[in-house]
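Working through the structure, step by step
Spelled out, the chains give:
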Amino acid sequence: MDGRLRSLSDTDFIPFSSPPLLSDDEIHLWIFPHAANADGIIDTERFLRRTLGLYLGAEAGHVPIQRDAFGKPHLVGAELQFNLSHSRSVLLIGLSHQQALGVDIEQGVRARPYLELARRYFTAPEAEALAALPIERLPHAFLDLWSAKEAVLKALGRGIAFGLDRVGFALDAVGGVTHLCCLHEEAGTPEQWQVVRLAHAGATGALAWRGANMQLRAFSVTSAATLAPTRAS
């Protein structure tokens, strides 16, 4: 556990060209870098239903989505698993056949009391590592760490209400997230988890799941209008 997390960057996200087949040992990531409309609003339901429709062979309006007691959306009567996240103009969707997933995406640095937030909500070692960074590096390191923690919490199905301090990551000298190092017992052990860092179109994010390593395929899509349903695989 002393190496860096697996990472996907701009060149790993290929342009969408045709509906993909999803194998049992794969996770597909879909990123929409310009999902917001002229008013800066993302119609997440529209993008999600069109994307899921590719895999279900269904029109967007016929994709059966419900939310569980913790607010996590899921499909009714289908094994396809998914999770989504959006920030400003970017939308990220992760899918697999049966593996529960968590994704998070963060776009843009905002003026926030990063150290105060870290000391209040993160683990003590994480807050100390962030406090040791140059001030110009702090916002980016905070967002990288936040997205990794939130991806794990969303994969658990609980979200940040589970506790950001119950998921701990190690950071290197420049604030890079290196590995998952501690978890509350309800979440299992770090060795059971896979966490992947994401960077695309100026946004930073993460994908997480509890289970064996899986193959990743990543797609970049300019508009939901380019997506059309096809026969389910």
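The coordinates are above.
The shown structure was predicted, so the numbers you read here are calculated from the model rather than taken from an experiment.

Overview of the overall build of the protein
The helix and strand tally for the protein stands at four helices and 13 strands. The globule rule puts the C-alpha radius of gyration for 233 residues at 17 Å, and the 17 Å found for the protein is close to it. For the C-alpha atoms alone, the extent of the protein along its principal axes is close to 50 × 40 × 35 Å. Once local pairs closer than 6 in sequence are excluded, the contacts in the protein between residues at least 24 apart make up 60%. Just so you have it, the protein exposes about 11100 Å², and 50% of that area is on carbon and sulfur atoms. Separation between the mean location of the 21 positive side-chain charges and that of the 25 negative ones in the protein comes to 4 Å.

Description of the side chain of His 200
Structurally, His 200 can be placed in strand β11 (residues 193–200). Overall, His 200 belongs to the buried group, its relative accessible area being 10%. Engagement of the side chain of His 200 in a polar contact is seen with the side chain of Ser 220, the distance being 3.3 Å. The residues contacting His 200, other than those within four sequence positions of it, are Asp 10, Phe 13, Ile 31, Pro 33 and Ser 220.

Here we look at the sheet that holds strand β1 (residues 6–8)
Here four strands make up an open sheet; going across it, the order is β1-β11-β12-β8 and the pairing mixed. Strands with a single pairing partner mark the edges of an open sheet, and in this sheet they are β1 and β8 (102–107). Strand after strand, the sheet turns through a mean of 20 degrees between neighbouring axes, direction not considered. Taken together, the six bridges between β8 and strand β12 (residues 203–210) define a ladder with antiparallel strand orientation. Looking at the pairing, Glu 106 lines up with Thr 204 of β12.

Quick word on the sheet that holds strand β6 (residues 81–87)
Read across the open sheet, the five strands follow the order β2-β13-β3-β7-β6; overall the sheet is mixed. Only two strands of the sheet have a single neighbouring strand rather than two, namely β2 (13–15) and β6. Put simply, the sheet's adjacent strands are angled 25 degrees from each other on average, direction ignored. Direction of pairing for β2 relative to strand β13 (residues 215–220): parallel, over a ladder of three bridges. Directly across from Ile 14, in β13, lies its bridge partner Phe 219. Across the sheet, helix α1 (residues 44–56) is in contact with β3 (26–32), β6 and β7 (90–96); its angle to β7 comes to roughly 30 degrees.

Examining the side chain of Ser 87
Along the polypeptide, Ser 87 turns up in strand β6. Polar contacts involving the side chain of Ser 87 include one to the main-chain amide nitrogen of Gln 107, which spans 2.9 Å. If near-sequence neighbours (up to four positions away) are discounted, Ser 87 is found in contact with Ile 105, Glu 106, Gln 107 and Arg 110.

Cut-offs and rules
Residues numbered from 1 in each chain as written. Predicted model: local features only at pLDDT ≥ 70, side-chain atom pairs only at ≥ 80, totals over all residues. Heavy atoms only, no water. Helix = DSSP H or I, 4+ residues; strand = E, 2+ residues; numbered from the N terminus. Rg over C-alpha atoms; globule rule 2.2 N^0.38 Å. Contact = heavy atoms within 4.5 Å. Areas by Shrake-Rupley, 256 points an atom, 1.4 Å probe, with all protein chains shown as cover. Lys, Arg positive; Asp, Glu negative; His and termini not counted. Charge placed at Lys NZ, Arg CZ, Asp CG, Glu CD. Buried < 20%, exposed > 50% of the residue type's maximum accessible area, 1.4 Å probe, protein only. Polar contact = N/O pair within 3.5 Å; in protein donor to acceptor, adjacent residues only side chain to side chain. Pairing = 2+ DSSP bridges. Axes fitted to C-alpha atoms, helices over the stretch in contact; angles between N-to-C directions.

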